[in-house]
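Residues per chain are reported as follows:
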Amino acid sequence: MTRKPFLEVKNLNVAFPTEDGLVQASNDISFSVARGETLAVVGESGSGKSVTSLAVMGLHDRKRTQITGQALLNLESGPVDVISADEEVVRKLRGKAMSMIFQDPMSALHPYYSIGNQLIEAWSLYNEGDKAAGKKRAIEMLDLVGIPAASKRVDEFPHQFSGGMRQRVMIAMALINNPSLLIADEPTTALDVTVQSQILQLIRDMQKEFNMALILITHDLGVVAEVADRVNVMYAGKIVESGGAEDIYYRPDHPYAIGLLNSIPKIGELESKRLVAIPGQPPSLINLPQGCSFRARCSFSDRVPGNLCATTAPTLDQKTTDHFSRCHLSEAELVKARKEIGGN
């Protein structure tokens with residue numbers, strides 16, 4: 001049974017006018033995510049992952065950003081389009097209907113205010129009650145995310161917490177008002193491997209606790225394998241492949257996704273293999289090439305007849321049920337590509 005999406009993003013475009021030209025950071029992005037479901041968004045830095053999520057949260061400066069398309073939140077009171085809604089309406093949705101864990105807990109927490117005061121401020125935006133009630137809720141959330149001695153540490157300051165503990169505080173702050181949608185933007189960046197695993201497990205536990213729709217933005221494909229139901233692979237501002245996590249891992253249909261998978265070590269292989277990096281650099285988002293944006297880095301564009309990769313931008317086409325790819329290669333050539341550069 002298909003669950004009704006809580007978030008539906010339709011034909012989203014985000015561009016930034018600059019002196020050098022228009023930066024097309026997100027281009028015709030469409031996806032959805034339901035409550036209880038985890039959608040992972042992967043790709044290199046600059047592929048449009050964070051820009052898209054900030055648009056969904058309504059956090060771009062509308063005076064300096066060109067945004068078109070829709071980001072619909074299907075609330076109990078009816079759908080609200082974050083892109084076209086008044087800023088005051090969107091502000092009231094943030095922290096309640098939707099919330100976000102930002103990349104860097106070092107800079108996201110204010111150094112001059114105690115952890116408790118920052119959590120109380122977030123709680124008081126959507127709840128009636130005095131500071132004592134807010135502090136009680138703050139202690140409950142700190143305890144829920146695994147902060148030891150929460151009743152004592154609630155009065156401490158960010159510099160008294162380790163990086164992993166600060167990330168837990170950020171998760172507590174994002175969840176303090178029981179949001180329906182949580183966007184986690186690189187939540188394990190700069191944390192050691194043990195802490196990364198703890199944070200990911202914590203996010204999964206919190207998702208079950210609050211029945212949230214979860215969007216996990218990451219460049220770590222190991223993280224994706226562990227937690228995702230579905231995956232969007234982004235490149236040069238576009239979704240180039242989308243499907244179930246198992247499909248993306250075992251039957252990738254885009255040379256970029258195949259290359260990403262081949263660039264990470266695989267545990268359990270009998271013979272160690274040299275990791276193969278994707279050659280070249282992503283194209284400029286100000287001056288995207290005609291045709292396929294990945295063509296200059298693709299080893300298989302010469303196998304597409306009619307020079308299509310150089311002249312015609314591929315569309316995001318359905319390959320199998322719920323599996324889409326933006327590539328001109330035939331299925332037979334994709335099977336060869338998987339074998340040649342490490343896929344299955």
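Residues numbered from 1 in each chain as written. Predicted model: local features only at pLDDT ≥ 70, side-chain atom pairs only at ≥ 80, totals over all residues. Heavy atoms only, no water.

Draft legend 1. Representation of the domain arrangement of the protein chain within the structure. Parsing the protein chain into structural domains produces domain 1 (108-178) and domain 2 (257-342). The distance between the C-alpha centroids of domain 1 and domain 2 comes to 44 Å. (Domains from an automatic or database assignment.)

Draft legend 2. Up close: the layout of surface pockets. Of the voids in this model, the largest pocket is the one considered here, and its volume is about 620 Å³. If you trace the largest pocket, you find 22 residues lining it, with G95, F102, A122, L125 and M173 closest to the centre. The set of elements that each furnish at least two residues to the lining of the largest pocket consists of β6 (98-101), α4 (115-124) and α7 (163-175). Here the residues of the lining of the largest pocket sort into 14 nonpolar, five polar and three charged. (1 Å grid on protein atoms, 1.4 Å probe; cavity = no way out; pocket = protein on both sides within 12 Å on 5 of 7 lines; lining within 4 Å. Points joined across faces, edges and corners; volume = space filled by probe spheres on them. Helix = DSSP H or I, 4+ residues; strand = E, 2+ residues; numbered from the N terminus. Nonpolar A, V, L, I, M, F, W, Y, C, P; charged D, E, K, R; others polar.)

Draft legend 3. Representation of the sheet that holds β6 within the structure. Pairing within the open sheet is mixed, and its eight strands lie in the order β6-β7-β8-β3-β9-β10-β12-β11. Strands at the two margins of the open sheet, each flanked by one partner only, are β6 and β11 (317-320). The sheet shows a mean angle of 20° between the axes of neighbouring strands, taken without regard to direction. Bridge count between β6 and strand β7 (residues 181-185): four bridges; the pairing is parallel. Counterpart to M98 in the pairing with β7 is L181. On the sheet, helix α1 (residues 49-56) packs against β3 (38-42), β6, β7, β8 (213-218) and β9 (230-235) and is oriented at approximately 150° with respect to β7. (Pairing = 2+ DSSP bridges. Axes fitted to C-alpha atoms, helices over the stretch in contact; angles between N-to-C directions. Contact = heavy atoms within 4.5 Å.)

Draft legend 4. Inspection of the nonpolar core at higher detail. Grouped together as the largest cluster of nonpolar side chains are 38 residues, with contacts concentrated most on I101, L142, I171 and L175. Elements supplying a minimum of two residues to this core: α4, α5 (131-144), α7, β7, α8 (193-210), β8 and α9 (221-227). Those residues in contact with I101, other than ones at most four positions away along the chain, are Q167, M170, I171, A174, L182, I183, A184, D185 and I203. (Core = buried A, V, L, I, M, F, W, Y, C linked by side-chain atoms within 4.5 Å. Buried < 20%, exposed > 50% of the residue type's maximum accessible area, 1.4 Å probe, protein only.)

Draft legend 5. Structural view of the environment of I217. Among the structural elements, I217 can be located in strand β8. With 14 residues separating them along the chain, I217 and V231 place their C-alpha atoms 9.9 Å apart. Those residues within four positions of I217 in sequence are excluded, and the remaining contacts are V41, K49, S50, S53, I183, A184, D185, E186 and P187.

Draft legend 6. View of the pattern of salt bridges. By the definition in use, this model includes eleven salt bridges. Measuring nitrogen to oxygen at the nearest pair gives 3.0 Å for the salt bridge that ties E44 to R297. Here the residue E44 occupies a position in the loop between β3 and α1, and R297 occupies one in the loop between α11 (255-262) and α12 (308-311), the gap between them amounting to 253 residues. Given the relative accessible area of 6%, R297 is considered buried. Salt bridges linked by common partners bring R303, E333 and K336 together as one network. (Salt bridge = Lys/Arg side-chain N within 4 Å of Asp/Glu carboxyl O.)

Draft legend 7. Highlighting the packing of aromatic side chains. Tallied over the entire structure, the rule returns three aromatic pairs. Measuring from centroid to centroid gives 4.7 Å for Y235 and Y256, while their planes differ by 50°, and the two rings are tilted. With Y235 in strand β9 and Y256 in helix α11, this pair connects stretches of sequence that are 21 residues apart. Given a relative accessible area of 3%, Y235 falls into the buried group. According to the relative accessible area criterion, Y256 is buried, its value standing at 0%. Ring centres 5.2 Å apart and planes at 85° place the aromatic pair Y235 and F294 in the edge-to-face group. (Phe/Tyr/Trp six-rings, centres within 6.5 Å; stacked < 30°, edge-to-face > 60°.)

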